[in-house]
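# Descriptive structure summary
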Amino acid sequence: MNAAPSPAAPSYIPPFGVRTVVGCLGVLLAVHVAGFNEHITEIGLPDIRGAMHIGHDEGTWFTSIYEMFNIAAMAFTPWFYVTFSIYRFSLFMTALLGLLAIPAPYMPDMTTLCILRGAQGLAAGCLPPILMTVMLKYLPAPIRVFGIGGYAMSATFGPNLGGPLEAMWFEGVGWQWLYWETLPLCAIAAGMIAWGLPRDPSHWGRFRNFNWRGFVLGAPAIMCVVTVLYQGDRLDWFRSPLITHLTCWGLALFIAFLVHEWFHHSPFFRIQFWGNRNIAMSLLTLIASLMICALMTEIPFTYLAEIRGYRPVQAAPIALVVALPQLVLLPLTAALCNIRAVDCRYVLAIGLACLGGAAWLGTWLTPDWVRDNFLIIQILQVFGQPMVVIPTLMLAALALGPADGPLISGMVNMLKGMANAIATALFEIMLRRREQYHSAMLLDMHGTHGTALDGMGDPIGAQIGATSPDSGHIARNTLQVFHTYVHEQATVLALADIYLVVVWICAFFLVLTAILPGRIYPPRAPVPASAAH
């Protein structure tokens, strides 16, 4: 019986040593800087809007334009870094990301600022696919799982550190450093890449076979879909002609792009990978797990800001509780999954159970909670996030050879960015719709049972009765305080509903984990032919 063919080897395999490790760590740092730039400016957007005199609606474009170019770049970067060489492309994009931050605080108007943010998003989106390919291509088989753990840091460590870093730069230095925080770290990352990353060759001849049709179909499609997800709720979805047109054109172009990629001899996405059960499961779970992480990061910050009036510097400790332990737990989880006797599917199931348990505890949210009440929820996330993300990436990456890295990294990273966009849209939809529903129900119950409540007196009026001799003024203030209480309670119930949705998502993928993926083993160095005999 003939042995199955081994996965294709990469075109260029450098000698592994300290310099390669330093170069890989430089790419990892560059990816974290790109993530910090995204999350710090997103969390600090109210402060940026105030300092640069930007309105609320204009500020939403500040974020969506960045994400639009960021996610589109993730999809098509693998073709370009193979063509220009990983070394040159990663070094150029790291330097570009840092340099574009210098003029950002001095942009004269919103148009130029959005153009610059689009360029920043383009540079930032080019870096995560490089990291995934570098870890698969340059690291030897026995430690490749640790490379996957390093890539997983961009999904667990970076997003949770955005809030504390925003608080540090804004409160301690100045609002301009919400942009300039990339400068020192980009300089360090560029130096590490320049010294350590192997100088792989360029392949300029690939331009003769460039997939122009796929690029023209795919890039606008992704941009349209991302814009719909970030602007849809603000513009009331399909009641807006802009959202309607972007949705129709975006979906049509994306379907045409997928059909074209299926038949093209040199695709950006190898759609056939979805026929592999492990890859299909891992990509679906990756989307779900990143959505869960994004939602469970957003809920405490929203509660503490809306209900308790916390600034980011006051809410930062709950993010640090999740972020800092990842520096230890990610390598430990990678080491656990690198043991041949350990089935990573069980690790994935335990991680989903931890995240589901954390979300279930969140359904008990009340207006009396303070920052410390989220501690147990955050601790469960500390263990759940790495135990979900690392096995998920193992199922996707280890089923392929190193040469397949460019064909899977674009798809994985595009879905990674799209998961955050979907989570943002889902959070905004549920928060607004469920808050309106609970507000209507609370007011309806108050109106229905108003007579029965008369015997309890008027506690709000009694509290503020001595503040003014004008009874009309007191009545207006009483009604305002009452509606404030209703709004707070409705918001809390809406956030609890989002936690409940997360519980059901975790339960669904826990069942899917039990039935869909096959077992995959950690990679090992090939045995020489002489030793095999």
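Note that the structure is predicted; figures quoted are calculated from it, not measured.

### A word on the overall build of the protein chain
Per the secondary structure count, the protein chain includes 21 helices and zero strands. Taken over 533 residues, the protein chain has a buried fraction of 54%. Of the contacts formed within the protein chain by residues at least 6 apart in sequence, a portion of 87% connects residues at least 24 apart. Carbon and sulfur atoms make up 69% of the accessible area of the protein chain, which amounts to about 23300 Å² in all.

### Some words on the nonpolar core
Grouped together as the largest cluster of nonpolar side chains are 152 residues, with contacts concentrated most on Tyr179, Ile222 and Tyr303. Broken down by element, this core gets its largest block of residues, 15 residues, from helix H12 (residues 277-306). In this view, isoleucine 222 contacts Ile71, Ala72, Ala75, Phe76, Phe254, Met414 and Met418; residues no more than four positions away in its chain are not counted.

### A short note on the packing of aromatic side chains
A full pass over the atoms with the stated rule returns 26 aromatic pairs. An angle of 65 degrees between the planes, with centres 4.4 Å apart, marks the rings of tryptophan 79 and phenylalanine 210 as edge-to-face. Here tryptophan 79 is found in helix H3 (residues 56-84), whereas its partner phenylalanine 210 is found in the loop between helix H9 (182-196) and helix H10 (212-231), with 131 residues between them in sequence. Overall, the relative accessible area of 5% leaves tryptophan 79 in the buried class. Classification of phenylalanine 210 by relative accessible area gives buried; the value is 8%. Ring geometry for phenylalanine 257 against phenylalanine 269: centres 5.5 Å apart, planes inclined by 80 degrees, an arrangement best described as edge-to-face. Note that phenylalanine 257 is positioned in helix H11 (residues 241-263) and phenylalanine 269 in the loop between H11 and H12, a separation of 12 residues in sequence. Of the two residues, phenylalanine 257 and phenylalanine 269, both sit in the buried class. Over the face of the ring belonging to tryptophan 195 we find arginine 19, whose NZ or CZ atom lies 4.7 Å from the ring centre. The ring of phenylalanine 273 has arginine 270 sitting right over it, with the charged end atom 6.0 Å from the ring centre.

### What about helix H7 (residues 144-172)?
With 29 residues, H7 should cover 42 Å at 1.5 Å per step; its first-to-last C-alpha distance of 39 Å lies within 8% of that length. In the structure, H7 departs most strongly from a straight axis at methionine 153, where the bend amounts to approximately 40 degrees.

### Considerations on H11
Since one α-helical turn is 3.6 residues long, residues separated by three or four positions face the same way. With 23 residues, H11 extends 34 Å between its outermost C-alpha atoms, agreeing within 8% with the 33 Å of an ideal straight helix rising 1.5 Å per residue. Tucked into the core, H11 has its buried residues touching H3 and H10.

### So, the side chain of glutamate 67
Take glutamate 67: it is sitting in helix H3. For the buried glutamate 67, no salt bridge is present, and the opposite-charge side chain at shortest range is arginine 117, 6.6 Å distant. Not counting chain neighbours up to four residues away, the residues in contact with glutamate 67 comprise Glu38, Val226 and Tyr230.

### Quick word on the confidence of the model for the protein chain
Looking at the protein chain, the pLDDT average stands at 84 and 89% of residues meet or exceed 70. The low-confidence segment residues 1-10, where pLDDT is below 50, has nine contacts with residues more than four positions distant or belonging to other chains.

### Concerning the pattern of salt bridges
This model, assessed by the stated rule, comprises seven salt bridges. Between arginine 432 and aspartate 233 there is a salt bridge whose closest N-O contact spans 2.9 Å. Of this pair, arginine 432 sits in helix H17 (residues 405-448) while aspartate 233 sits in the loop between H10 and H11, placing them 199 residues apart in sequence. Residue arginine 432 is classed as partly exposed on the basis of its relative accessible area, which comes to 24%. Judged by its relative accessible area of 12%, aspartate 233 is buried. A salt bridge links arginine 434 to aspartate 497; its shortest N-O distance comes to 2.9 Å. Placement of arginine 434 in helix H17 and of aspartate 497 in helix H20 (residues 471-515) is noted, with a sequence separation of 63 residues between them. Residue arginine 434 is classed as partly exposed on the basis of its relative accessible area of 29%. Each of Asp233, Asp236, Arg239 and Arg432 takes part in one network of salt bridges that share partners.

Definitions and limits used
Residues numbered from 1 in each chain as written. Predicted model: local features only at pLDDT ≥ 70, side-chain atom pairs only at ≥ 80, totals over all residues. Heavy atoms only, no water. Helix = DSSP H or I, 4+ residues; strand = E, 2+ residues; numbered from the N terminus. Buried < 20%, exposed > 50% of the residue type's maximum accessible area, 1.4 Å probe, protein only. Contact = heavy atoms within 4.5 Å. Areas by Shrake-Rupley, 256 points an atom, 1.4 Å probe, with all protein chains shown as cover. Core = buried A, V, L, I, M, F, W, Y, C linked by side-chain atoms within 4.5 Å. Phe/Tyr/Trp six-rings, centres within 6.5 Å; stacked < 30°, edge-to-face > 60°. Lys NZ or Arg CZ within 6 Å of the ring centre and 35° of its normal. Expected span 1.5 Å × (residues − 1). Bend = angle between axes of the 7 residues up to and from the residue. Lys, Arg positive; Asp, Glu negative; His and termini not counted. Salt bridge = Lys/Arg side-chain N within 4 Å of Asp/Glu carboxyl O. pLDDT = per-residue confidence, 0-100.

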